[in-house]
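Chain by chain, the residues run as shown.
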Amino acid sequence: MVAAPAPAAVTAPAAETLRPRLPWRSTLLLTVLVLAGSNFAGHTQPHREHLDLFARLLLLAACGLLLGRHRHPVIVAFGTAGLALVYLGAGYPYGPVFAAAAVACFAAVVAGHRRAAWAALGMLWAGHLLISLWLYRSLPPPGDTGANLGQELFIATWVLIIVSVAELVRLRREQWARERADRAQAARRRADAERLRIARELHDVLAHSISVINVQAGMGLALLDSDPEQARAALTTIKAASKEALGEVRQVLDTLRAPGDVPRAPAPGLGRLPELVEQAASAGLAVDVTGQPPRLPPGADLAAFRIVQEALTNVVRHSGSRHARVRLEHGGGELRLRIDDDGPTTGTDAGGSGNGLAGMRERAAALGGTVEAGPRADGGFRVLAVLPTSMPTSMPASLPDVLPAALSAGLPTALPTALPLDDAEDR
């Protein structure tokens, strides 16, 4: 077999895009300034050596090294400092010869190579100090008087200024990088929370509607020959339940289609409890409702409706009882929902995925409430939910606000395939 070279062809362009570009514009501008400034310095310092071809080659080499200051900052910092020392040791006129070394060390500090940049600047300053105070007698130009200590202190001050500004820029860049990472992480958390919320919505809508459809389909098949009218009524219920499920799924998925503010249908709440009772009755489950729901914020109203819906769906799917009771009590800033049934667990569908109770608990926890569920001592099953009747101070952002940030951060936006498995049964 012959190995296909496709991976190399794919990774090579990606590696090229990750490498920093050559800063040729700024390097060209600095080269012009250094050459022009050195020519001007040569006219004002006639006692220094004349700028010959070797001097210009040194200046061009120092500036040319700056093209690699982003890719190899340490090498460039020491290289420009060394070329500047050779230029000064040859007795050429002072001028912007230090500019290339300053830019190179600045880039090294910003890139995080602080000690290398300090060492390069220290080498340049120490070499200049050695040349101007001691070695000037044996180096060109002849008759040079050297420099005094005040001039060296002035140069040292400029070195400290360069290091300080470079450190300030480095700290600011690190701070900006941390802020960008924090914003990306916050956007990821909000997007994950929103995807989980949508997954819960889809699970609750589909689980309830498909349970009703399943019961009615079984009833219609059983009565198709013996009682066609009852079979027709079952098919009518299936049609209504499927239409409602499609409408609610479409409402949930509409939030994914447009990232901006889009018109939305009102979310279901406890005001639709009579419809829920009617749907349960069409599936053969009689439901008694006690108490009146209070005025709730939209999030709490939706969570309460979904908890009742999921609890009744579990009764239809997993309980042998055909009777359930829903009790609503409110006071003290909280709403208490209690859903009871009296029948034993049936063998059919007893081993569910656990998404039902997990979704209930997650909905309640997102609002600062709780859900307790389990078998009663006298038989049957009970779901008890406690929800606050006031909106928490901080709520997660909706998907239209979160999705653009997630996309710009390169985050995946696919819905999770399943919710966490917290229980052994869907109950």
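Throughout, residues of each chain are indexed from 1 in the direction in which the sequence is written. For a predicted model such as this one, the threshold for reporting local features is a pLDDT of at least 70, and the threshold for listing and counting side-chain atom pairs is 80 or more; totals across whole chains, interfaces and linings nevertheless cover every residue. With hydrogens and water excluded, all non-hydrogen atoms of the structure serve as input to the side-chain values.

## Some details on unusual backbone geometry
Note the cut-off: Counting from the N terminus, the helices are the DSSP runs of H or I reaching at least four residues and the strands are the DSSP runs of E reaching at least two.
For the peptide bond that leads from Pro140 to Pro141, omega is 0°, which places it in the cis range. When you line up the elements, Pro141 lands in the loop between helix H6 (114-133) and helix H7 (149-223).

## Let's talk about the sheet that holds strand S1 (residues 286-290)
Let me state the cut-off plainly: By this definition, two strands are paired if DSSP reports at least two bridges between them. Whenever a helix is involved, its axis is fitted only over the stretch in contact; in every case the axis is a line through C-alpha atoms, and angles between N-to-C directions fall within 0 to 180 degrees.
Within the open sheet, the five strands sit side by side as S1-S2-S3-S5-S4. Their pairing is mixed. Of all the strands in the sheet, the pair left with one neighbour each is S1 and strand S4 (370-375). Neighbour-to-neighbour, the strand axes of the sheet open up by a mean angle of 10°, direction not taken into account. Note: S4 against strand S5 (residues 381-388), six bridges, orientation antiparallel. Its bridge partner being in S5, Thr370 is matched across the sheet by Val386.

## A word on the packing of helix H5 (residues 98-110) against H6
Where we set the bar: With respect to orientation, any angle under 35 degrees is reported as roughly parallel, any angle over 145 as roughly antiparallel, any angle of 65 to 115 as roughly perpendicular, and every other angle as oblique. Handedness of each helix crossing follows the sense of rotation of the near helix against the far helix: counterclockwise by less than a right angle gives left-handed, clockwise gives right-handed. The contact criterion used throughout is that any non-hydrogen atoms of two residues lie within 4.5 Å.
At their nearest, the axes of H5 and H6 sit 7 Å apart, and the two run at 160° to each other. Regarding the angle of H5 to H6, the classification is roughly antiparallel. The two elements H5 and H6 meet at a crossing, and its hand is left-handed. Contact residues: H5 offers Phe98, Ala101, Cys105, Ala108 and Val109, while H6 offers Arg114, Ala117, Trp118, Ala120, Leu121, Leu124 and His128.

## Things to note about the pairing of strand S2 (residues 323-331)
Threshold: For a crossover, the right-handed case is the one in which the path from the first strand over the helix to the second runs clockwise, viewed with the strands pointing away from the viewer.
By the bridge criterion, five bridges tie S1 to S2 in an arrangement that is parallel. Looking at the pairing, Val287 lines up with Ala324 of S2. Crossover S1 to S2 through helix H10 (residues 298-318) is left-handed. Taken together, S2 and the strand that follows it, strand S3 (residues 334-341), pair antiparallel across an intervening segment of two residues, in which Gly332 is found at a positive phi of about 65°.

## A few points about the environment of Arg317
Rules: With a 1.4 Å probe rolled over the protein chains alone, any residue whose accessible area is under 20% of its type maximum counts as buried; one over 50% counts as exposed, and the rest are partly exposed.
In this fold, Arg317 is placed in helix H10. What makes Arg317 partly exposed here is its relative accessible area of 23%. Expressed as a C-alpha distance, the spacing of Arg317 and Ala207, which sit 110 residues apart in the sequence, is 9.7 Å.

## Let's talk about the packing of aromatic side chains
The cut-off we apply is this: Any Phe, Tyr or Trp ring, taking Trp's six-membered ring, that has another such ring centre within 6.5 Å forms a pair; planes under 30 degrees apart are called stacked, those over 60 apart edge-to-face, and the others tilted.
All told, the structure shown has one aromatic pair when counted by the stated rule. Centroid distance Tyr87 to Tyr92: 5.3 Å. Interplanar angle 35°. Geometry classified as tilted.

## Focus: the layout of surface pockets
Our working rule: Cavity and pocket criteria rest on a 1 Å grid covering protein atoms alone: a 1.4 Å probe that fits but cannot get out defines a cavity, protein on both sides within 12 Å along at least 5 of 7 lines defines an open pocket, and an atom within 4 Å of a point defines a lining residue. Grid points are joined across faces, edges and corners, and a volume is the space filled by probe spheres set on the points. Charged residues are taken to be Asp, Glu, Lys and Arg, nonpolar residues to be Ala, Val, Leu, Ile, Met, Phe, Trp, Tyr, Cys and Pro, and polar residues to be all remaining types, Gly included.
If you add up the space inside the second largest pocket, you get close to 580 Å³. Taken together, 28 residues line the second largest pocket, and the ones lying closest to its centre are Tyr94, Phe98, His128, Gln151 and Ile155. Of all elements in the fold, only H5, H6 and H7 reach the threshold of two or more residues within the lining of the second largest pocket. Among the residues making up the lining of the second largest pocket, the classes are represented as 19 nonpolar, seven polar and two charged.

## Structural notes on the nonpolar core
Inclusion rule: Nonpolar cores are built from buried Ala, Val, Leu, Ile, Met, Phe, Trp, Tyr and Cys residues. Side-chain atoms within 4.5 Å join them into one set.
Of all hydrophobic cores here, the largest spans 36 residues; its most connected members are Leu285, Val308, Leu312, Leu337 and Ile339. Those elements that provide at least two residues to this core are helix H9 (273-282), H10, S2, S3, helix H11 (355-366) and S5. It is H10 that contributes the most residues to this core, ten residues altogether. Ignoring sequence-local partners within four residues, the contact set of Leu337 consists of Ala304, Val308, Arg327, Leu328, Val383, Leu384, Ala385 and Leu387. Core analysis: the second largest hydrophobic core is formed by 32 residues, Val34, Ala81, Tyr92 and Leu124 among them.

## Quick word on the pattern of salt bridges
For clarity, the cut-off: Any carboxyl oxygen of Asp or Glu within 4 Å of a side-chain nitrogen of Lys or Arg constitutes a salt bridge here.
Counted by the stated rule, this structure contains twelve salt bridges. Two residues, Arg114 and Glu167, come together in a salt bridge whose shortest N-O distance is 3.0 Å. With a gap of 53 residues between them, Arg114 in helix H6 and Glu167 in helix H7 connect regions that are remote in the sequence. For Arg376, the salt bridge goes to Asp378, with nearest N and O atoms at 3.0 Å. When its relative accessible area of 63% is taken as the criterion, Asp378 is described as exposed.

## Side note on H9
Let me state the cut-off plainly: Working note: the arc is built from the helix axis to C-beta atom directions.
Residues Leu273, Leu276, Val277, Gln279 and Ala280 constitute the buried set of H9. Take H9 and look down its axis: the buried residues cluster within an arc of 160°, on one side only. With respect to the buried face of H9, the exposed residues turned more than 90 degrees away are Pro274 and Glu278. A positive backbone phi angle near 90° is found at Gly284, which sits one or two residues after H9.

Everything listed here is a matter of geometry and, on its own, says nothing about what the molecule does.
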